[in-house]
Amino acid sequence: MQSFINDNFMLQNQVARTLYHDYAKNLPIIDYHCHISPKEIAENKKYKNITEVWLGGDHYKWRAIRANGVDEKYITGDADPKEKFMKWAETVPYLLGNPLYHWTHLELKRYFGIDDLLSPESAEKIWDRCNELLSTDEMSVKGIIKRSNVELICTTDDPTDTLEYHKAIKEDKSFSVRVLPTFRPDKALNISNEGFKEYIVALEKAANQNISSLSELKQALGSRISYFHENGCRISDHAIEGIVFEEADEGTIEKILGKALKGETITRLEADQYRAHMMVFLGREYAKRGWTMQLHLNSIRNLNTRMFKALGPDTGYDAIGDAKQARGLAALFDSLEKTRELPKTILYSLNPYDNEILLTVMGCFQGSEVPGKIQHGSAWWFNDQKDGMVAQMKALANMGLLRRFVGMLTDSRSFLSYTRHEYFRRILCNLIGEWAEAGEVPLDMKLLGSMVQEICYYNARNYFGF
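Keep in mind the model is a prediction, meaning the values are calculated, not measured.

Caption draft 1: Molecular detail of the overall build of the protein chain. Of the regular secondary structure elements, the protein chain holds 20 helices and nine strands. Projected onto its principal axes, the C-alpha coordinates of the protein chain cover approximately 70 × 55 × 45 Å. Looking at the 466 residues of the protein chain, the share that counts as buried comes to 55%. Considering only contacts within the protein chain whose residues lie at least 6 apart along the sequence, 78% involve residues at least 24 apart. In the form shown here, the protein chain has an accessible surface area of approximately 20,200 Å², with 47% of it arising from carbon and sulfur atoms. When the 58 positive and 64 negative side-chain charges of the protein chain are each reduced to one mean point, those points stand 2 Å apart.

Below you can see the structure in the form of C-alpha cells.
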C-alpha cells in the first residue's frame with residue numbers, strides 16, 4: 001500500500017506535481033515569524049523524548065486532546081511523558097480532516113522516516129524509534145534546523161530582552177543559519193493590563209534610564225529599537241484584537257500614562273487613545289529604519305478564566321474574534337502616510353471574514369519603496385490549514401498581487417514545524433495547477449514556476465532586507 005505521505009501528497013494534478021517537484025521542493029526556508037526559543041538554539045538542545053519536542057507548548061495539539069475527553073493531567077499536567085504521548089496517539093485517529101493529522105504524519109516521515117500511521121496500536125513502536133533518533137546529534141535543535149533547509153529564522157522577543165542568545169548563535173561559526181530577533185512591544189502598549197506598571201520598571205532597567213513621562217517612555221523604546229536593529233532585527237510584531245484609532249493630543253496621553261504609572265484604573269477610551277498614539281510613534285521608528293511592521297489582528301485570548309488562572313496564557317484557550325478592523329486600520333495607516341512614514345506592513349487576521357476587508361484597505365496605501373509594500377499575511381493560526389490557505393491566496397489574487405506574496409511562516413513553538421512550509425508549498429502548487437488545468441492561467445511552466453519560486457522564497461528574501 002502506498003504511504004500516506006507520498007511524493008504527490010496533496011498534489012492532485014500533473015501541473016501541481018511539476019511545480020512542486022521541479023520548482024518549490026528544494027528552495028531554502030526563510031521563517032520570518034515564529035515563537036521558538038533562541039536559548040534552545042544557542043544551547044543546541046537535545047530532547048529527552050518525542051513528547052518533549054512534539055507536545056511541549058503545542059496548544060494546537062492540547063486543544064485536540066482536550067476535545068477527545070482526556071484529563072488535563074495528560075496534557076499540561078504531571079503525567080509521565082510516555083503516558084502523554086499515548087494520549088496523543090489515542091487522539092490522532094480522530095483527527096481525520098484536521099491539519100494536525102497531516103502535520104503529525106509529515107513530521108514523522110520527514111524527521112524520523114516513519115510511514116506508519118500513529119494510533120494506539122503503533123504508538124509503542126513509534127515512541128521507541130523517535131526517542132532513539134532524538135538521542136543523536138542529527139536531531140539536536142541545530143541538527144533539525146540544518147536538515148530542514150532553513151536559511152533564516154526570526155524569533156519573537158520582548159523589548160526588554162538582552163538578546164544574549166542571538167549573540168551566542170551568531171558567534172557559532174559552525175552554524176550558518178541566521179537567527180534574528182523580532183521586536184514585540186505589546187506589554188508596553190497594553191496600558192490597561194495588569195502588570196503594566198511593573199513592566200515599565202523592567203523596561204527602565206533594560207534601557208538604563210528612568211521612565212516617568214511620555215517622552216522618556218518613547219526614548220526608552222527608541223533605544224531598545226536601536227539595540228534590536230544593531231543585533232539584526234528588521235521586523236516588529238503587534239497582537240491587537242481590533243484597531244480602534246482614537247486620536248488625542250500629547251498632553252492627554254501624558255496624563256493617561258501618569259495614571260497608569262500610579263496604578264490607577266485606565267478606561268477603555270484612554271487605553272485606545274494611548275495605543276493609537278504609541279502605534280504612530282512606533283510606526284515612524286520602524287519606517288526610519290526600513291523595518292517591517294506585522295499586525296496580528298482579531299484574536300480574543302484567555303477565554304476560560306479557570307484554566308487561565310491554572311495554566312496562564314498561550315495554553316489553548318484563545319479564539320477567533322469578531323472586532324471590526326477597517327476604519328481603525330485605515331486611520332492608523334493614514335496618520336503615518338500623511339508624513340510618508342508608513343513602514344512596510346504585513347496584516348494577518350484570525351477571522352477569515354477580514355480577508356477582503358484588509359486587502360481593500362491595504363490597496364489604498366501601497367508605495368513605490370518596495371513591491372508589495374503592504375502585505376496580506378499567510379493564513380494564520382486557526383486558518384493555517386488547506387481551506388484557510390486557499391481562501392487567503394484566492395482573496396489576495398482577486399484583490400491584489402498574489403505573485404508578490406511573501407509566503408509562509410511557521411508561527412510555531414516547535415522545531416519540527418518546518419514541514420508547514422512543505423505543506424504550504426504543496427497547497428500553493430496545487431492551487432496554481434488547478435487554475436492552469438482549468439485554463440484560467442496560461443499553461444506556461446516557466447511563468448508559473450517563477451511565480452511559485454518567488455512566493456516560496458525569493459519575495460521574502462527581497463522584501464525584508466535582512
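Caption draft 2: A look at the pattern of salt bridges. By the definition in use, this model includes 27 salt bridges. Here D237 makes a salt bridge to R184, at a shortest N to O gap of 2.6 Å. Pair noted here: D237 is in strand β4 (residues 235–240) and R184 is in the loop between β3 (178–180) and α10 (186–189), with a separation of 53 residues, a long-range link. Here D237 and R184 have matching classes, each one buried. Connected via shared salt-bridge partners are E40, K45 and E52.

Caption draft 3: Geometry of the nonpolar core. Counting residues in hydrophobic clusters, the biggest one holds 151 residues, and the most contacted among them are F112 and L295. Apart from the residues lying within four places of it in its own chain, the contact partners of F112 are I50, E107, R129, C130, L133, L134, M139 and L416.

Caption draft 4: Broad picture of the packing of aromatic side chains. Applying the stated criterion across every chain, the model contains 19 aromatic pairs. With 5.2 Å between their ring centres and 85° between their planes, F183 and F228 make a pair best called edge-to-face. A residue pair is termed long-range when its members are at least 10 positions apart, and F183 in the loop between β3 and α10 and F228 in helix α12 (residues 214–230) qualify at 45 residues. When the ring of Y463 is compared with that of F464, the centres are 5.1 Å apart and the planes differ by 85°; the resulting orientation is edge-to-face. For the pair formed by Y463 and F464, the shared burial category is buried. Through a chain of ring-to-ring contacts, the aromatic side chains of Y32, Y463, F464 and F466 assemble into a single cluster. Here the guanidinium or amino end of K142 rests over the ring plane of F175, the centre of that ring lying 5.2 Å away.

Caption draft 5: Local environment of the sheet that holds strand β8 (residues 344–349). Spatially, the four strands line up as an open sheet ordered β4-β5-β8-β9, and their pairing is parallel. Taken across any chain shown, the strands that pair with only one partner, and hence form the sheet edges, are β4 and β9 (374–376). Within this sheet the neighbouring strands show an average axis-to-axis angle of 20°, counted without direction. As paired strands, β8 and β9 are joined by three bridges and run parallel to one another.

Cut-off values and rules
- Residues numbered from 1 in each chain as written.
- Predicted model: local features only at pLDDT ≥ 70, side-chain atom pairs only at ≥ 80, totals over all residues.
- Heavy atoms only, no water.
- Helix = DSSP H or I, 4+ residues; strand = E, 2+ residues; numbered from the N terminus.
- Buried < 20%, exposed > 50% of the residue type's maximum accessible area, 1.4 Å probe, protein only.
- Contact = heavy atoms within 4.5 Å.
- Areas by Shrake-Rupley, 256 points an atom, 1.4 Å probe, with all protein chains shown as cover.
- Lys, Arg positive; Asp, Glu negative; His and termini not counted.
- Charge placed at Lys NZ, Arg CZ, Asp CG, Glu CD.
- Salt bridge = Lys/Arg side-chain N within 4 Å of Asp/Glu carboxyl O.
- Core = buried A, V, L, I, M, F, W, Y, C linked by side-chain atoms within 4.5 Å.
- Phe/Tyr/Trp six-rings, centres within 6.5 Å; stacked < 30°, edge-to-face > 60°.
- Lys NZ or Arg CZ within 6 Å of the ring centre and 35° of its normal.
- Pairing = 2+ DSSP bridges.
- Axes fitted to C-alpha atoms, helices over the stretch in contact; angles between N-to-C directions.

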